[in-house]
Amino acid sequence: MSDVPPRVGDGDPDRRPIWSRPERGSRGPAPARSRDSIVVAAIALADSEGLAAVSMRAVAAALGTGAGSLYRYLSSRDDLLDLMTDRAVRDLRPYPRVEGDWLATMVLLGRRQLALFGAHPWLLDVFHRPSGMGPETLAWFDYCIEVLEPVRCPVAAKFEAIAMMTGVASLFARQESAAGAFSFAGVDLTAYPHLVAAFGQPSGPTPRADLVERTLRGLLTGLLLTGPTPAG
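All figures in this text were calculated on a predicted structure; none of them were measured in a lab. (Residues numbered from 1 in each chain as written. Predicted model: local features only at pLDDT ≥ 70, side-chain atom pairs only at ≥ 80, totals over all residues. Heavy atoms only, no water.)

Draft legend 1. Looking closely at the overall build of the chain. In terms of helices and strands, the chain carries nine helices and zero strands. Secondary structure elements in the chain, listed N-terminal to C-terminal, are α-α-α-α-α-α-α-α-α. Each of the 232 residues in the chain was classed as buried or not, and the buried ones make up 37%. The contacts in the chain between residues at least 6 apart in sequence include a share of 75% that link residues at least 24 apart. Total accessible area on the chain is roughly 13200 Å²; 57% of this is exposed by carbon and sulfur atoms. (Helix = DSSP H or I, 4+ residues; strand = E, 2+ residues; numbered from the N terminus. Buried < 20%, exposed > 50% of the residue type's maximum accessible area, 1.4 Å probe, protein only. Contact = heavy atoms within 4.5 Å. Areas by Shrake-Rupley, 256 points an atom, 1.4 Å probe, with all protein chains shown as cover.)

Structure below.
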């Protein structure tokens, strides 16, 4: 769900994205585990104790092995964070069927992203990493573009909308995870006449859609339906 393009690696094998490197080195004894088992253990650790608790040593301990053995599968903690991010994005599957209402489908995807951040709060600190765009993240972008095929606007606007949708989901997730709710209760507003006047006005009827849906619908229609259409 990164909102920046992936980096292009150079000839150094350790600089290539982790997904383009072999599962493990060709030398040494037969593997006792897999990258996937390492990533699953790391995600479980991050979910329970936070991202700061995830180190090569801690993940190795959770697997009952030494930290050095993990370097047969990964070059660094950065590799591990990239794999964790992409593996977590898999939770967005199965994707809903692409049907007539692209806006409703995108709102549903935004809600799924919000739920994903709720299930894995550490993702809020790593999903923007430029190196973390793996196969699952690319598949998610591919699906979003498929959903937006009926929308007549420049493709750049579609990618901007997808990135902004992710940003909105992350903001709501951060708000939900913050301790306590923002409130003016108990605050002396005497010196703030505009706030006093605002609170003196009728609140009006409760919106039919919740704030998440209203925000996503307003954002997506504003970005995709009000700009120039592609030529042709």
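So that's the structure; there's more coming.
Draft legend 2. Region of the structure containing the pattern of salt bridges. Applying the stated rule across the entire model yields nine salt bridges. In this structure, R129 engages D82 in a salt bridge whose closest nitrogen and oxygen atoms are separated by 3.0 Å. Taken together, the positions of R129 in the loop between α5 (102-119) and α6 (135-147) and D82 in helix α4 (residues 77-89) put the pair 47 residues apart, joining distant regions of the chain. Considered together, R129 and D82 belong to a single accessibility category, that of buried residues. Measuring nitrogen to oxygen at the nearest pair gives 3.7 Å for the salt bridge that ties E213 to R111. (Salt bridge = Lys/Arg side-chain N within 4 Å of Asp/Glu carboxyl O.)

Draft legend 3. Focus on the packing of aromatic side chains. Overall, the coordinates contain four aromatic pairs when judged by the stated rule. Seen in terms of ring centroids, F117 and F127 are 5.2 Å apart; in terms of plane orientation they differ by 55°. Their pairing is tilted. Within this pair, whereas F117 is found in helix α5, its partner F127 is found in the loop between α5 and α6, the two being separated by ten residues in sequence. Considered together, F117 and F127 belong to a single accessibility category, that of buried residues. (Phe/Tyr/Trp six-rings, centres within 6.5 Å; stacked < 30°, edge-to-face > 60°.)

Draft legend 4. Fine view of a nonpolar patch on the surface. A contiguous nonpolar patch, built from F184, V187, Y192, L195 and F199 and spanning about 460 Å² of accessible area, is present on the exposed surface. Tracing the sequence through the fold places V187 in the loop between α7 (155-177) and α8 (193-199). A relative accessible area of 44% means that V187 is categorised as partly exposed. (Patch = residues over 30% accessible without salt bridge, like charges linked within 9 Å, V, L, I, M, F, W, Y side chains within 5 Å.)

Draft legend 5. Examining helix α2 (residues 56-63) more closely. Turning to α2, its buried residues are M56, V59 and A60. One side of α2 holds all its buried residues, which, seen down the axis, span an arc of 100°. Residues R57, A61 and A62 are exposed on α2 and point more than 90 degrees away from its buried face. Those residues of α2 that are buried are in contact with α1 (35-49), α3 (67-70) and α4. (Arc of directions from axis to C-beta.)

Draft legend 6. Here's a closer look at the side chain of R21. The residue R21 is located in the segment before α1 in this model. On the basis of relative accessibility, which here comes to 11%, the residue R21 falls in the buried class. Reaching out from R21, the side chain makes a polar contact with the side chain of S75 at a distance of 3.1 Å. (Polar contact = N/O pair within 3.5 Å; in protein donor to acceptor, adjacent residues only side chain to side chain.)

Draft legend 7. Structural view of the nonpolar core. Formed by 60 residues in total, the largest nonpolar core has its most connected members in L80, M84 and M106. Of all the elements in the fold, those that place two or more residues in this core are α1, α2, α3, α4, α5, α6, α7 and α9 (211-224). Apart from residues no more than four positions distant in its own chain, M84 is found in contact with V39, A42, I43, A46, L51, V54 and W122. (Core = buried A, V, L, I, M, F, W, Y, C linked by side-chain atoms within 4.5 Å.)

Draft legend 8. Region of the structure containing the environment of L51. Topologically, L51 is positioned in the loop between α1 and α2. Overall, L51 belongs to the buried group, its relative accessible area being 15%. Spatially, the C-alpha atom of L51 lies 9.8 Å from that of H120, the residues being 69 residues apart in sequence. Aside from chain neighbours lying at most four places away, what touches L51 is A46, R77, L81, M84, W122, D125 and V126.

By themselves, these are just geometric observations and shouldn't be taken as functional.
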